[in-house]
Amino acid sequence: RAKSEGRGRIKVFDAGMRQTVRERVEIELALRQAVQRNQLWLSYQPIVDPLTGRAGGAEALIRWTHPERGPISPVEFIPVAEETGLIDQIGTFVLEESLRQMALWRDEGLLPERFYMSVNASARQLRDHTLRGQIADGLRVYRLGPERLTMEITESILVGDSTQVVDVLNSLRGLGVGLSVDDFGTGYSSLSYLSRFPVTTVKVDRAFVTGLGVDPGDEAIVRAIVAMSTALHLNVIAEGVETTAQRDALIALDVSRCQGWLWGKAVAHDEFAEKHLRVLQDESAWTPPLQQTA
Ligand code: C2E
Ligand code: MG
Ligand code: MG
Ligand code: MG
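Because the structure is a prediction, the values reported are computed rather than measured.

Chemist: Could you clarify how one ought to interpret the overall build of the chain in this entry?
Modeler: Within the chain, the regular secondary structure consists of 12 helices and 9 strands. Within the chain, counting contacts between residues at least 6 apart in sequence, those at least 24 apart form 68% of the total.

Chemist: I keep staring at the packing of helix α5 (residues 131–141) against helix α7 (residues 163–175) and nothing clicks. Help me out?
Modeler: Axes are the key here: two packed helices are described by the angle between their axes and the distance separating the axes. One way to put it is that α5 packs onto α7 with a least axis distance of 9 Å and a crossing angle of 20°. Viewed along their axes, α5 and α7 adopt a mutual orientation that is roughly parallel. Considering how the two elements wind past one another, α5 and α7 form a crossing that is right-handed. Only Val-168, Ser-171, Leu-172 and Leu-175 of α7 make contact with α5, whose side of the interface consists of Leu-131, Arg-132, Ile-135 and Ala-136. In terms of residue class, the contact of α5 with α7 is built from 6 nonpolar, 1 polar and 1 charged.

Chemist: Help me understand the coordination of the magnesium ion (ligand 2) in this model?
Modeler: Each pair of donors in an ideal octahedron of six around a metal sits at 90 or 180 degrees, and each pair in an ideal tetrahedron of four sits at 109.5 degrees. Within the protein, the magnesium ion (ligand 2) binds to Glu-59 (OE), Asn-120 (OD1), Glu-152 (OE) and Asp-182 (OD); these donor distances fall in the range 2.0 to 2.2 Å. Spacing between the donor residues of the magnesium ion (ligand 2) along the chain follows E-x60-N-x31-E-x29-D. A separation of 3.8 Å is found between the magnesium ion (ligand 2) and the magnesium ion (ligand 3), which share Asp-182 as a coordinating residue. In this pair, Asn-120 is assigned in strand β4 (residues 116–120) and Glu-152 in strand β5 (residues 149–154), connecting sequence segments 32 residues apart.

Chemist: Sorry, what's going on with the site of ligand 1 here?
Modeler: Neighbouring residues of ligand 1: 21 residues in total, closest Arg-63, Asn-120, Asp-182, Glu-242 and Trp-261. At 3.0 Å from an oxygen atom of ligand 1 is found a side-chain nitrogen or oxygen belonging to Glu-59. Asp-183 has a polar side-chain atom sitting 3.0 Å from an oxygen atom of ligand 1. Protein contacts shield 83% of the accessible area of ligand 1, which totals 800 Å² for the unbound molecule. Using a 2 Å cut-off from the grid points, one finds that ligand 1 occupies the largest pocket. Listed by contribution, the elements that provide at least two residues to the shell around ligand 1 are β2 (55–66), α3 (74–84) and β6 (178–184). Here the shell around ligand 1 takes 4 residues from β2, the largest share from any one element. In terms of residue class, the shell around ligand 1 is built from 8 nonpolar, 5 polar and 8 charged.

Chemist: In this structure, what is going on with the layout of surface pockets? I would like to understand it.
Modeler: Over the atoms a probe the size of a water molecule is rolled, and this reveals where empty space is left. A volume near 1,200 Å³ is recorded for the largest pocket. Lining the largest pocket are 39 residues, and of these Glu-59, Leu-61, Pro-74, Asn-120 and Asp-182 lie nearest its centre. Split into classes, the residues belonging to the lining of the largest pocket amount to 17 nonpolar, 11 polar and 11 charged. In this structure, the second largest pocket spans a volume of roughly 610 Å³. Considering the residues around the second largest pocket, the lining is formed by 31 residues, among which Gly-56, Arg-114, Phe-115, Tyr-116 and Arg-257 are closest to the centre. Per-element accounting of the lining of the second largest pocket gives the leading share, 3 residues, to β5. Class assignment of the residues belonging to the lining of the second largest pocket gives a composition of 11 nonpolar, 11 polar and 9 charged.

Chemist: Please clarify how the packing of helix α4 (residues 87–107) against α5 should be interpreted in this entry.
Modeler: Close contact between α4 and α5 brings their axes to 10 Å; oriented N to C, the two are set at 25°. Here α4 lies roughly parallel to α5, going by the angle between them. In terms of crossing hand, the pair formed by α4 and α5 is right-handed. In this structure, α4 uses Thr-92, Leu-95 and Leu-99 to contact α5, whose residues at the interface are Leu-131, Gln-134, Ile-135, Gly-138 and Leu-139. Its residues placed into classes, the contact of α4 with α5 shows 5 nonpolar, 3 polar and no charged.

Chemist: Honestly, unusual backbone geometry in this entry has me stumped. Any pointers?
Modeler: Peptide bonds are, in most cases, trans, and in most cases residues other than glycine have a negative phi. The backbone phi angle of Asn-38 is positive, close to 55°, even though this residue is not glycine. Positionally, Asn-38 belongs in the loop between α2 (15–36) and β1 (40–48).

Thresholds, definitions, all that
Every chain's residues receive numbers from 1 upward, in the order its sequence appears when written. Ligands are numbered from 1 and chains lettered from A, in the order in which they are written. Thresholds applied to this predicted model are a pLDDT of at least 70 for local features of residues and 80 or more for the giving and counting of side-chain atom pairs; totals over whole chains, interfaces and linings are not thresholded and use all residues. Heavy atoms throughout the structure, all of them, feed into the side-chain values; hydrogens and water do not. Numbering of helices and strands runs from the N terminus; a helix is a DSSP stretch of H or I covering at least four residues, while a strand is a stretch of E covering at least two. What makes two residues a contact is simply this: any of their non-hydrogen atoms within 4.5 Å. The axes are straight lines fitted to the C-alpha atoms, using for helices just the contacting stretch, and the angles between their N-to-C directions are given from 0 to 180°. Should an angle lie under 35 degrees it is considered roughly parallel, over 145 roughly antiparallel, and from 65 to 115 roughly perpendicular; all remaining angles are considered oblique. Definitions for this section: a left-handed crossing has its near helix turned counterclockwise from the far helix by less than a right angle. A right-handed crossing has that turn clockwise. Basically, the charged four are Asp, Glu, Lys and Arg, the nonpolar ten are Ala, Val, Leu, Ile, Met, Phe, Trp, Tyr, Cys and Pro, and anything else, Gly included, counts as polar. A donor here means any N, O or S atom no more than 2.8 Å from the metal (3.2 Å for Na, K and Ca); water is not included, so a site may seem to lack partners. By convention in this text, a residue qualifies as near a molecule or strand provided that one of its non-hydrogen atoms is within 4 Å of it. Two N or O atoms form a polar contact when they lie within 3.5 Å of each other; inside protein one atom must be a possible hydrogen donor and the other a possible acceptor, and for residues adjacent in sequence the pair counts only when both atoms belong to side chains. The protein chains shown are the only cover counted for residues, whose accessible areas, like all others here, come from Shrake-Rupley with a 1.4 Å probe. Each cavity reported here is a set of points on a 1 Å grid over the protein atoms alone in which a 1.4 Å probe fits but cannot get out, each pocket an open set with protein on both sides within 12 Å along at least five of seven lines, and each lining residue one with an atom within 4 Å of a point. For a cavity or pocket, the test is whether more than half of a molecule's atoms lie within 2 Å of its grid points; if they do, the molecule sits there. Grid points are joined across faces, edges and corners, and a volume is the space filled by probe spheres set on the points.

Structure follows, in C-alpha cells:
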C-alpha cells in the first residue's frame, strides 16, 4: 500500500503506524523465543450436549504465557505467526500436543468413547500437502481413530484460489478426520461452500448466538443455518453460549452441540479432566439402585 501511494509513502508511516509495526516486530521476536522455550501450551474448552452439559469433545485453544507480559491472546499472535511462517511450528505443536493429550486421557481411562478433539487449522497448513501425512502419523503413533480429530477451518480459507486447499481438505476427509467451518456467518457465507467442500460440521459464530432470545434477526439466521446444515447432513455447533436463555433458544432450534462459558472456559488439561471428564466417568460407574419388586 505504501508503494502504490508513491510520494505519500512517508506519511503512511506516521507515529501510530510505526508503533504498530514495532509492536509486531516485538511480538515476532518474543514468539520465536516462546516457541523455542516451550512457553506455548494448550487449553481445552468443552463442546457439550446442551441438554445434559456433558462434554462430547473439546476445542484445543493455544495459550501463550509470556514471563513478563503475562498471557498474550491468540487473536494478537496467531496473525503474526501466519505472516512470519512461525505458524508451521505452532501448528505442528498444536496437533501433536492435542493428540498426545487424548492418548494420555485414554490411558488413564478418562476418554469417553466418542470424544473428539477439534483443532484450529491455519490457512498455511491447509495449503501444505504434508498435513495429511502429519495427521496420519500422529493418529498412528497415539493409536487414535481418525474420528477422534476434527480440523477447524475459517470461511475465508475457502474463498479465493483454493484448488490446493480443496486437495488438502479432500485428503483429510479421506483419512476420516472431521472438518468444521469455524465462525460461520461472519465471512462470505456462500452456502455453496458447504456443499462444494467436504465439511462435516458448521460452527455458528458467537455474533449470532449473543442475540438469541433478544434479537429476532439472529434467531432467524441461526434457524436458517440449522435448516441448511440439516439438509446437507452437517453437524451444527453453536459457539459463545453464555446464558441459559441462549441455551434454551438453541435447544428449541434443535442445536445438539454447544460451546461457551455457560459450561466452561478453555482450561489447562488437568482442570479439563477434573471438570469435564471425571464427572462422566463417575456417571458411568454409577448403577441405579435395585427396584423393589412386589
Ligand atoms: P475460535 O477458533 O473461533 O475460538 C473461539 C474463541 O472464543 C476462543 O478465543 C474462546 O476462548 C472464545 N470463547 C469460547 N466461549 C466463549 C464465550 O462463551 N464467550 C466469549 N466471549 N468467548 C468465548 P481464544 O482462545 O482467545 O482464541 C481466539 C482465536 O484464536 C480462535 O477463534 C482461533 O481463530 C485462534 N486460535 C486459537 N488457538 C489456535 C490454534 O491452536 N491454531 C490456530 N491456527 N488458531 C488458533
Ligand atoms: Mg475454532
Ligand atoms: Mg470459532
Ligand atoms: Mg473466532
